[in-house]
Structure formats: structure tokens, C-alpha cells
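The primary structure of each chain is shown beneath.
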2 protein chains.
Amino acid sequence: MRIDPNSATDLPVQIAQAIKDAIVSGALIVDERLPSEAELAEQFQVSRPTVREALKRLAAQSLIRTQRGAFGGAFVNRLSFEDAQAQQITTSTLLLSMNAVSFDTACEARFALERACAPLAVERRGDTHLAAMRAEIRQQGAPDLSDEAFCASDVAFHRALVDAAANPVLSYHLAGAVEAMQPLMNMITFTARSRGTIVALHARIAEAIDARDAAQADTALAELMHYTMSLKDDVMAARAAARC
Amino acid sequence: MRIDPNSATDLPVQIAQAIKDAIVSGALIVDERLPSEAELAEQFQVSRPTVREALKRLAAQSLIRTQRGAFGGAFVNRLSFEDAQAQQITTSTLLLSMNAVSFDTACEARFALERACAPLAVERRGDTHLAAMRAEIRQQGAPDLSDEAFCASDVAFHRALVDAAANPVLSYHLAGAVEAMQPLMNMITFTARSRGTIVALHARIAEAIDARDAAQADTALAELMHYTMSLKDDVMAARAAARC
DNA sequence: AGACTTTTAAATGTCAGACAAATGATTTCT
DNA sequence: AGAAATCATTTGTCTGACATTTAAAAGTCT
């Protein structure tokens, strides 16, 4: 691991990249201890604060963890599905909120991915998944539910659907797509009637998955997507009219 | 924005979280300048190195960028699709390599997601997408191609397929799934015959998308998935036999 | 007056050195 | 032998300083 002290980029960035490369390439394996900050400083010919910044960059990406005390230090961290999902969700959410992605584009992507999960969910769903989906459906029927709580439950329903596919890699990739939609969905005001329609579609999806009917699940998901988009169009049109 | 100096967690972590929350909540908008390190240090009642570490954590996630000089400082960064994709690819790759995810699980997830893109690609593919796919197919037929180069071209082919769906959000989500498979694919040794089969399937996929035949594209993708899995089984079996 | 050059102030980048706090190993005492 | 005290090591945080970069402001010349 070497760095170029004359390069234009920050020294900590270079050091972080060098260590990251070592991890990705397998030169450093999970739970292996890195040299201490003082040793790294000497190795890279920089000061300890510079090394610290590099380590902090890596810690921010959950690539390493640090431990104080004797025989402490920085250790290569096993990237858990949980950590990876959390990162993915914030990244996806920010990406959508900062880039003026249209509601339709995000919605299309989300439902396309979800429909990919449906056939697997139909095949493998267990009782816990079905129970989780139905619990959310019940909650969505509560009359005094705020719009935000309704959206949160909607997200939970769809994540249960994804989890029913019993593929952790799929769950990880979908987490970002599903969660990132929540802020966009929160811009919609749901009438009692529109909530009823959505809940009915959720029920159809849950039933189809229970009955192992892939075609029906796919159809219901497609309908839900179109209904969601039309709902948003109505809200936008109503707001535009109110302004004039 | 406040922090609790008596909390168990690191001060920089708390500060970074506070700033991150401000960005996510919209209190800080894109390109807005954060207070200088000295001002932040006073505001949070900590020293400048502590603030710096917090800012470096955020910079590592591309949430802020820093600029030196007068009227420089830290600015809220617009998270570009490019940055987000790069992050997602490394996260996905590490997740798979560090968690002993089975080849089949990752492969299933990848093809399930890709099949979700196919109908949209059929609908919207442009000439550039078709040309990109065919260019990769041509390259894959080169007789003196290394296994690694073959895999890289395979990834490029599939990314072109995903891009043909003309949905940047979808491309972003799929980038991780497709790229993260490459290290796993690199463990396979491709015979001339297996390469031929794969190239033929790629050609069928490209033709189906050109002909706007969604069903055919889906079938070919499913076949490719099964063939890839069986290929890996053969390689594993051959290696196990060689060891005995 | 306008364009070019120089200066300057403000901010981050890097360093050195110090002390605090945590933590596991070692030693000592009962 | 077991429990308690000590110790060495390592990260966490602070103070203070200087280097470097950058854009704005001031100054100068045509």
C-alpha cells in the first residue's frame, strides 16, 4: 500500500482508497486488525490526524470498526445486510430528493422491481410473511390514521412482500427502491376513498400470494402502480386548479 | 442542531448525524454553505478536529464537498446518479464477498431484477442501446478473450440492457446487482462451448428487444439464468472431483 | 474609465504534541 | 486459586500552529 504525497487529491482520500482497495482485493480479510494509527502514520509518512481522517472515512462506510484500549485498533468490518440496507436507503432517498426525479419514474422503477419479486414470493412465502402483510392491511384500514402513518404502513406492506421472496440479496436491493418512495408518497393527500382502493388492491395481492397465483399478483401490482400514478396526477391537478 | 456531549457514541458521529438529518429533512438545501469548521466547533462546543472528522464522514458519503480558500467551506452536495451508483456498486460487491452469499442467491436476484427491466427495454430501446449490446456480443466472440474480459463484457452487455429501459432510477438500482456478480462470475472458467451458448443467448435477447418481443426476451433471460447456474454447478463438481 | 496585477483575508489541509479514557493483560495480594 | 490493583497500549479529544488555496478587494497602469 503506497500513496503519492504529491498528488492533487487529499492525502486522507488516498490513504482511505489504498486501504479500501486492500479490503476489496482480499489482502485484508474480515476481522483482521489494521496497524495502529501511529504505525499507519509512519508507513504512509503522514501525521496521525491525517491517518485518522482516512480511517474515519472508512468507518463512515462501515468498512472498518474501531475499538479503544490495549489490543484495540481498527478492524475490517463484516458488512452486514442491515448496515448495507441502511446505507442504501439513505443514498436512494437523497438521490431522489436531490435530483428532481419525477414521481412516475421512481414509481415505475419501484413497481417494476417489485413485480420481479412477486413470482418468487408466490413460490416461497411463509406464514410469517402473509401475517405481516395482513397486519399492515388491517392497520391501513384504521379510520384515524394520518397520511404519514398510512404511507409508512404501505412501505411496511411492500417490504413484507419483498421479504416473502426469501432472497436476502433481493431484499437488500429492493429496500432502497421501496423506502425512497416514501417521501414522494407523503406529498399525496389520501382521501378515504383512495385509501379504500389501495387497501383493496393490497388485499388482492396478499390473497394472490397466499393462493400461489403469480399472474393475479402481477396484475394487482400493475393496477396498484397505475392507480398510484393517477392518484398523484389528480392531486397535482387539484393543486394547480386551487392556485388559479 | 444539538448534540449530547455525554452520550456514549463518538462526538463526530453525533455531529455527522445531526448535519445529515438537516440535509435529509431539507433544512439544508443543495449547494448551501455550512458554517465554517471554527463556527461549527463553537456551535457544538467541541474542537475543530472533532468537527473535521464529522465533515469527513459526510464527505465520504458524498453528502458534502469542501472547497478551500476564502468563501470556501463545506457545501451540501447534490448526490449525482454517478456517485450514488459508484457507492452502490462497492457496497453490493463487498456485501456479497463478505457474507458468503451463495452464487445461486445472487444470480437469482440479479436475473429477477433484470427480467423486470426487459419489458420496459423492449418498449423504449433506442438504436444506441441495441448497438451497445451488439458491440459487446461481438467482443464476446473474440477467440483470444480472457475469462475476466469475457465477464466484464458480459456485465457491460447487461448494463446496456438495463439502460435500454430508459429509467435512471432503475439503472441505478440495477448497477449494484449486475456489477456485484462479476467477482462471483470470475470464479467460473468458461470453455469455448459455454461461451458460445452464452453469446447465442445474448444474441437472442438482443434480437427480442430489437423485435419488441417481450416474451421472447424474458424466456431467453430465464434460460441464461439457468444456464449460468448449471455452468457454475459443473465447475464446482469438476473441482470437487479433481480434489478427490 | 477600464482592464490587468497585486494584495489580503478567510477558509481548509496538515502537522506536532499532549492528555484523557478505555481495555485487556499482567502482576500482586489475600 | 481467585480477586483486586496495576500497567501498557491504543483510540478519542483538545490546543495551537503553520501551510496552502482561493476569491474578493484594492491598487495601478494604460
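Residues numbered from 1 in each chain as written. Chains lettered and ligands numbered in written order. Predicted model: local features only at pLDDT ≥ 70, side-chain atom pairs only at ≥ 80, totals over all residues. Heavy atoms only, no water.

(A) Geometry of the domain arrangement of chain A. Under the domain assignment, chain A is made up of domain 1 (11–76) and domain 2 (81–243). Taking the mean C-alpha position of each, domain 1 of chain A and domain 2 of chain A sit 40 Å from one another. (Domains from an automatic or database assignment.)

(B) Here's a closer look at helix α4 (residues 81–98) of chain B. All names here are of chain B. With 18 residues, α4 should cover 26 Å at 1.5 Å per step; its first-to-last C-alpha distance of 25 Å lies within 8% of that length. Those residues of α4 that fall on the buried side of the exposure criterion are Ala-84, Gln-85, Gln-87, Gln-88, Ile-89, Thr-91, Ser-92, Thr-93, Leu-94, Leu-95, Leu-96 and Met-98. Downstream of α4 by one or two residues, Ala-100 has phi in the positive range, about 50 degrees. (Helix = DSSP H or I, 4+ residues; strand = E, 2+ residues; numbered from the N terminus. Expected span 1.5 Å × (residues − 1). Buried < 20%, exposed > 50% of the residue type's maximum accessible area, 1.4 Å probe, protein only.)

(C) Representation of the side chain of Ser-92 of chain B in the model. Checked against the element boundaries, Ser-92 of chain B lands in helix α4. With relative accessibility at 0%, the residue Ser-92 of chain B sits in the buried group. Looking at Ser-92 of chain B, its side chain comes within polar contact range of the side chain of Tyr-172 of chain A, at 3.1 Å. (Polar contact = N/O pair within 3.5 Å; in protein donor to acceptor, adjacent residues only side chain to side chain.)

(D) Representation of the environment of Met-181 of chain B in the model. Residue and element names in this part refer to chain B. Positionally, Met-181 belongs in helix α9 (residues 181–185). Owing to a relative accessible area of 1%, Met-181 belongs among the buried residues under this scheme. Residues Met-181 and Phe-75, spaced 106 residues apart in sequence, show a C-alpha to C-alpha distance of 35 Å. Residues within four places of Met-181 in sequence aside, it is in contact with Phe-103, Ala-106, Cys-107 and Arg-110. (Contact = heavy atoms within 4.5 Å.)

(E) Region of interest: the protein's contact with DNA strand D. Close to DNA strand D lie 24 residues; Arg-52 and Arg-68 of chain A together with Thr-50, Arg-68 and Ala-70 of chain B are nearest. Across the atoms of DNA strand D situated within 4 Å of the protein, the share located in sugar and phosphate is 71%. With respect to DNA strand D, the side chain of Arg-48 of chain A contributes an N or O atom lying 3.0 Å from a base oxygen. Contributions of two or more residues to the surface near DNA strand D are made by α3 (48–60) and β1 (64–67) of chain A together with α1 (11–25) and α3 (48–60) of chain B. Of the residues assigned to the surface near DNA strand D, the class counts are 6 nonpolar, 9 polar and 9 charged. (Near = heavy atom within 4 Å. Nonpolar A, V, L, I, M, F, W, Y, C, P; charged D, E, K, R; others polar.)

(F) Quick peek at the packing of helix α5 (residues 103–124) of chain B against helix α7 (residues 147–163) of chain B. All names here are of chain B. Running from amino to carboxyl end, α5 crosses α7 at an angle of 45 degrees, the nearest separation of the two axes being 8 Å. If you check the angle between α5 and α7, you find them oblique. Judged by residue contacts, Arg-110, Phe-111, Glu-114, Cys-117 and Ala-121 of α5 engage Asp-154, His-158, Leu-161 and Val-162 from α7. Classifying every residue of the contact of α5 with α7 by side-chain character gives 5 nonpolar, 1 polar and 3 charged. (Axes fitted to C-alpha atoms, helices over the stretch in contact; angles between N-to-C directions. Parallel < 35°, antiparallel > 145°, perpendicular 65-115°, else oblique.)

(G) Examining the nonpolar core more closely. By size, the foremost hydrophobic cluster in this structure holds 108 residues, and its most contacted members are Ile-205 and Ile-209 of chain A together with Leu-170, Ile-205 and Ile-209 of chain B. In contact with Ile-209 of chain A, other than residues within four places in its own chain, are Ala-121, Val-122, Arg-125, Leu-130, Met-133, Leu-161 and Ala-217 of chain A. (Core = buried A, V, L, I, M, F, W, Y, C linked by side-chain atoms within 4.5 Å.)

(H) Looking closely at the environment of Leu-221 of chain A. Positionally, Leu-221 of chain A belongs in helix α10 (residues 214–243). With relative accessibility at 0%, the residue Leu-221 of chain A sits in the buried group.

(I) Seen up close, the protein's contact with DNA strand C. Neighbouring residues of DNA strand C: 23 residues in total, closest Thr-50, Arg-68 and Ala-70 of chain A together with Arg-52 and Arg-68 of chain B. A distance of 3.1 Å is found between a phosphate oxygen of DNA strand C and a backbone nitrogen or oxygen belonging to Leu-11 of chain A. Thr-66 of chain B is positioned such that a nitrogen or oxygen atom in its side chain is 3.2 Å from a phosphate oxygen of DNA strand C. Among the elements of the structure, α1 (11–25) and α3 of chain A together with α3 and β1 (64–67) of chain B are those that each provide at least two residues to the surface near DNA strand C.

(J) Region of interest: the pattern of salt bridges. Residue and element names in this part refer to chain A. Applying the stated criterion to the full structure yields 32 salt bridges over all chains. In this structure, the salt-bridge partner of Arg-52 is Glu-37, at a minimum N-O distance of 2.8 Å. Residue Arg-52 is located in helix α3, and its partner Glu-37 is located in helix α2 (residues 37–44); the two are separated by 15 residues in the primary sequence. You can call Arg-52 partly exposed: its relative accessible area is 24%. (Salt bridge = Lys/Arg side-chain N within 4 Å of Asp/Glu carboxyl O.)

(K) Looking closely at unusual backbone geometry. Positive phi, normally seen in glycine, also occurs at Gln-45 of chain A, with a value near 60 degrees. In this fold, Gln-45 of chain A is placed in the loop between α2 and α3. Here Gln-45 of chain A falls in the exposed class, since its relative accessible area comes to 67%. Even without being glycine, Ala-166 of chain B reaches a positive phi, approximately 55 degrees. Residue position: Ala-166 of chain B is located in the loop between α7 and α8 (168–179).

(L) Summary view of helix α7 (residues 147–163) of chain A. Under the 1.5 Å per step criterion, the end-to-end length of α7 of chain A is 24 Å for 17 residues, consistent within 8% with the ideal 24 Å. All of the buried residues in α7 of chain A are Phe-150, Cys-151, Ser-153, Asp-154, Val-155, Phe-157, His-158, Ala-160, Leu-161 and Val-162 of chain A.

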